[in-house]
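# Secondary and tertiary structure notes
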Amino acid sequence: MKKIIIVFIGFALSSCSYQLWFKPKYITFQYNGQYTGLDSSIEINGYYVSEIITPENTKLFKPYVELFLLYKDGTIISTSSQPGREACENRINKILFEEKKHNAWEYQWGLYQLKEDTIVSQLIRDDGPMSLPVVFEKRFLIMSNTILKIIYEKVMNPEYEPNRLDGSCLFYFHSYPNRMDSTSNPYLKKKWFWDKEAYKNRKKK
């Protein structure tokens, strides 16, 4: 009987790992659902895409771009794509479908805070039930209402080497009104993702 229970728990963890049952150790931001005001500084009804990034090992890896979507409530999602607008938007359209297949490691949901002219984000990558979630901190300097510049990137887990982008890498805005909204974030269903008071108020509604 014990073996059956253990197998069942293992299956449940593996099938639900992309929603993380417990709070990742290195994330410090908490969701409160409040309006950030970011859309008064930059365009956000779409996505930001980086300049083309060329990997060091071009034999194994092709050039790619980083892209991310920002929302008024402080949530953010990041992923990568082949270069080109069509490829990026196809990637965005597949996010929810891929998450249902538990390919969450390809997408990093998280939170951001606006600090003067800088967007500070913390993103969570779930590598599955056999690995600890990886937390990235990325900071973007607002250059204009449609251009951001990454000025800092660090893996918060000390056991990982940081995978840094060039400090001069720019991200450009592309309008895309058909994107999914922030309620698609699976972590919104998790108590640990929330600020305590905000979670209490949510439960009262």
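Nothing here was measured: the structure is a model prediction, and the numbers come from that model.

Our next topic: the overall build of the protein. Scanning the protein from terminus to terminus reveals four helices and eight strands. From first element to last, N terminus to C terminus, the protein shows the α and β order α-β-β-β-α-α-β-β-β-β-β-α. Each of the 205 residues in the protein was classed as buried or not, and the buried ones make up 45%. When contacts within the protein are restricted to residue pairs at least 6 apart in sequence, those whose partners lie at least 24 apart make up 56%. Looking at the protein as shown, the accessible area adds up to about 12100 Å², and 54% of this sits on carbon and sulfur atoms.

Turning next to unusual backbone geometry. Even without glycine at this site, Glu-116 takes up a positive phi of about 60°. In this structure, Glu-116 sits in the loop between strand S4 (108-115) and strand S5 (118-125). Residue Glu-116 is classed as exposed on the basis of its relative accessible area, which comes to 77%.

In a beta sheet, neighbouring strands are held together by backbone hydrogen bonds and run either parallel or antiparallel to one another. Read around the closed barrel, the eight strands follow the order S1-S2-S3-S4-S5-S6-S7-S8; overall the barrel is antiparallel. Averaged over all adjacent pairs, the angle separating strand axes in this sheet is 35°, with direction ignored. Inspection of the sheet shows strand S1 (residues 46-50) paired to strand S8 (residues 170-175) by five bridges, in the antiparallel sense. Along S8, the bridge assignment pairs Ser-50 with Phe-171.

Further remarks concern the packing of aromatic side chains. In this description, an aromatic ring pair is defined by two values, namely the gap between the centres and the angle between the planes. Counted by the stated rule, this structure contains twelve aromatic pairs. Both rings, one in Phe-68 and one in Phe-140, keep their centres 4.6 Å apart while their planes meet at 35°; by these two values the pair is tilted. In this pair, Phe-68 is assigned in strand S2 (residues 65-70) and Phe-140 in strand S6 (residues 134-142), connecting sequence segments 72 residues apart. The same class applies to Phe-68 as to Phe-140, namely buried. Note on Tyr-187 and Trp-192: the rings are 5.5 Å apart at their centroids and 50° apart in plane angle, and the pair reads as tilted.

In terms of nonpolar packing, the biggest core is built from 28 residues, with Tyr-47, Leu-69, Ile-77, Ile-92, Met-180, Phe-193 and Trp-194 touching the most fellow members. Within the residue set of this core, elements represented by two or more residues are S1, S2, helix H2 (85-93), S4, S5 and helix H4 (196-204). For this core, the leading source of residues is S2, giving three residues. Not counting residues up to four positions away in its chain, the partners in contact with Tyr-47 are Phe-68, Leu-69, Arg-85, Cys-88, Glu-89, Ile-92, Tyr-172, Phe-173, His-174 and Tyr-176.

On to the pattern of salt bridges, then. A complete count under the given rule lists five salt bridges for this structure. The closest approach of N and O atoms between Lys-138 and Glu-153, which form a salt bridge, is 3.4 Å. Taken together, the positions of Lys-138 in strand S6 and Glu-153 in strand S7 (residues 147-155) put the pair 15 residues apart, joining distant regions of the chain.

Of all nine residues in S6, seven are buried; the element is thus mostly enclosed. Sheet analysis places S5 next to S6, joined by eight bridges and oriented antiparallel. Across the sheet, Ile-119 pairs through a bridge with Phe-140, a residue of S6. Both S6 and S7 contribute to a ladder of seven bridges, which runs antiparallel. Looking across to S7, one finds that Leu-141 is bridged to Lys-149.

Examined against the element boundaries, Lys-23 turns out to sit in the loop between helix H1 (2-16) and S1. Sequence separation between Lys-23 and Trp-192 is 169 residues, and the spatial gap between their C-alpha atoms is 5.4 Å. The residues contacting Lys-23, other than those within four sequence positions of it, are Gln-30 and Trp-192.

Mean pLDDT over the protein works out to 80, with 75% of the residues at or above the 70 mark. Here residues 4-18 is modelled with pLDDT under 50, and outside its nearest four sequence neighbours on either side it reaches 16 contacts, counting other chains as well.

The rules we used
- Residues numbered from 1 in each chain as written.
- Predicted model: local features only at pLDDT ≥ 70, side-chain atom pairs only at ≥ 80, totals over all residues.
- Heavy atoms only, no water.
- Helix = DSSP H or I, 4+ residues; strand = E, 2+ residues; numbered from the N terminus.
- Buried < 20%, exposed > 50% of the residue type's maximum accessible area, 1.4 Å probe, protein only.
- Contact = heavy atoms within 4.5 Å.
- Areas by Shrake-Rupley, 256 points an atom, 1.4 Å probe, with all protein chains shown as cover.
- Pairing = 2+ DSSP bridges.
- Axes fitted to C-alpha atoms, helices over the stretch in contact; angles between N-to-C directions.
- Phe/Tyr/Trp six-rings, centres within 6.5 Å; stacked < 30°, edge-to-face > 60°.
- Core = buried A, V, L, I, M, F, W, Y, C linked by side-chain atoms within 4.5 Å.
- Salt bridge = Lys/Arg side-chain N within 4 Å of Asp/Glu carboxyl O.
- pLDDT = per-residue confidence, 0-100.

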